[in-house]
Amino acid sequence: MYIYKHATKVSTSDKMIEKKSYWNRKEDVLLSWEWYREYGLRNHLYPLAISLPGQLLKLLPLGSWSKTVIFNSMYVTHTAIITVGDLYIYRLAKLLVGRECAVVTVVSHLLNEHVVRFVSRTSMNGVEGALAIGALYYFHRLPQKVQYFSRDLNLMTLLITVAFVGRSSSLAPWIPIAALKIAENPAHNFGPVAVAGLTIAL
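Note that the coordinates shown come from a computational prediction; the quantities given were computed from them, not determined experimentally.

1. Examining the environment of Val84
Along the polypeptide, Val84 turns up in helix H3 (residues 66-97). In sequence terms Val84 and Gly134 are 50 residues apart; their C-alpha atoms lie 8.7 Å from each other.

2. Brief notes about a nonpolar patch on the surface
Together, Leu45, Leu48, Leu52 and Val165 line one region of the surface with nonpolar side chains, adding up to about 350 Å² of accessible area. It is helix H2 (residues 45-57) that provides the largest number of residues to the nonpolar patch, a total of three residues. Secondary-structure assignment places Leu48 in helix H2. On the basis of relative accessible area, Leu48 is assigned to the partly exposed category, the value being 49%.

3. Observations regarding H2
The axis of H2 is deflected most strongly, by about 35 degrees, at Ser51, and proline Pro53 appears within four residues downstream. All of the buried residues along H2 are Tyr46, Pro47, Ile50, Ser51 and Gly54. Of the surrounding secondary structure, the elements contacted by the buried residues of H2 are H3 and helix H6 (124-140).

4. Overview of the packing of aromatic side chains
Inspection of the entire model under this criterion finds four aromatic pairs. Ring plane angle 65 degrees and centroid distance 5.7 Å describe the contact between Tyr88 and Tyr138, whose orientation is recorded as edge-to-face. Here Tyr88, found in helix H3, pairs with Tyr138, found in helix H6; they are 50 residues apart in sequence, far enough to count as distant. A centroid spacing of 5.0 Å and a plane angle of 70 degrees characterise the contact between Tyr137 and Tyr138, whose relative ring orientation is edge-to-face. On the basis of relative accessibility, which here comes to 6%, the residue Tyr137 falls in the buried class. Under the relative-accessibility criterion, Tyr138 is labelled buried at 5%. An aromatic cluster is defined as three or more aromatic residues linked by ring pairs; in this entry it consists of Tyr88, Tyr137 and Tyr138. Over the ring of Phe139 we find Lys181, and its NZ or CZ is 5.6 Å from the ring centre.

5. What to know about unusual backbone geometry
With a phi close to 55 degrees, Phe149 is a non-glycine residue in the positive phi region. Mapped onto the fold, Phe149 is located in the loop between H6 and helix H7 (151-166). Of the residues examined, Phe149 reaches a relative accessible area of 56% and is grouped as exposed.

6. Side note on the side chain of Asp152
Structurally, Asp152 is set in helix H7. Taking the relative accessible area as the measure of exposure, Asp152 reaches 12% and is therefore buried. Once residues within four sequence positions are removed from consideration, Asp152 is found in contact with Tyr138, Arg141 and Leu142.

7. What about the confidence of the model for the protein?
Counting all residues, the mean pLDDT for the protein is 78, and 75% of those residues have values of 70 or more. Predicted confidence is poor over residues 12-30, with pLDDT under 50, and the contacts of this stretch with residues over four places away or in other chains come to 40 contacts.

Cut-offs used in this document
Residues numbered from 1 in each chain as written. Predicted model: local features only at pLDDT ≥ 70, side-chain atom pairs only at ≥ 80, totals over all residues. Heavy atoms only, no water. Helix = DSSP H or I, 4+ residues; strand = E, 2+ residues; numbered from the N terminus. Patch = residues over 30% accessible without salt bridge, like charges linked within 9 Å, V, L, I, M, F, W, Y side chains within 5 Å. Areas by Shrake-Rupley, 256 points an atom, 1.4 Å probe, with all protein chains shown as cover. Salt bridge = Lys/Arg side-chain N within 4 Å of Asp/Glu carboxyl O. Buried < 20%, exposed > 50% of the residue type's maximum accessible area, 1.4 Å probe, protein only. Bend = angle between axes of the 7 residues up to and from the residue. Contact = heavy atoms within 4.5 Å. Phe/Tyr/Trp six-rings, centres within 6.5 Å; stacked < 30°, edge-to-face > 60°. Lys NZ or Arg CZ within 6 Å of the ring centre and 35° of its normal. pLDDT = per-residue confidence, 0-100.

Here you go:
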């Protein structure tokens, strides 16, 4: 899946060109809108995170390959994260509807034009979706009576927290989901779910 993501990104790169005009010259680059100055209110932690490998590569004597390798290091890092999300799509679908349907789900996802053309870009949107799918997987593994600091609850909380740090609005859909889990067994589930919510908030 990792190699496939890279191949489709390259084959559709001509459709993803954006013009950046806030410098003295215009440059054609395959960057998502989160990198633009006019969207400064958007969290820049994710672009900062995937640029770190490039910062390290700048220290190496790469010669004429330097710009190409450093620039593409962002996509290598981003694609690795998105591929983990693809694996969670398979795991979640298998958990809910079985292996055969999970295979069809993943194939449909990988052939989806939106996924091929846009999610492969260095955008937090795709990562937010991957984190949400992972968190939903662990949510559906929670028993009817949730235990404090159980493995599935901890992993779900971690993934939601990372998504929240990258994009604050990603927390919104989890509020009614948490309420539904509490409603399953109010006396037992309120404490563990509340602690998980406080952990995310802190």
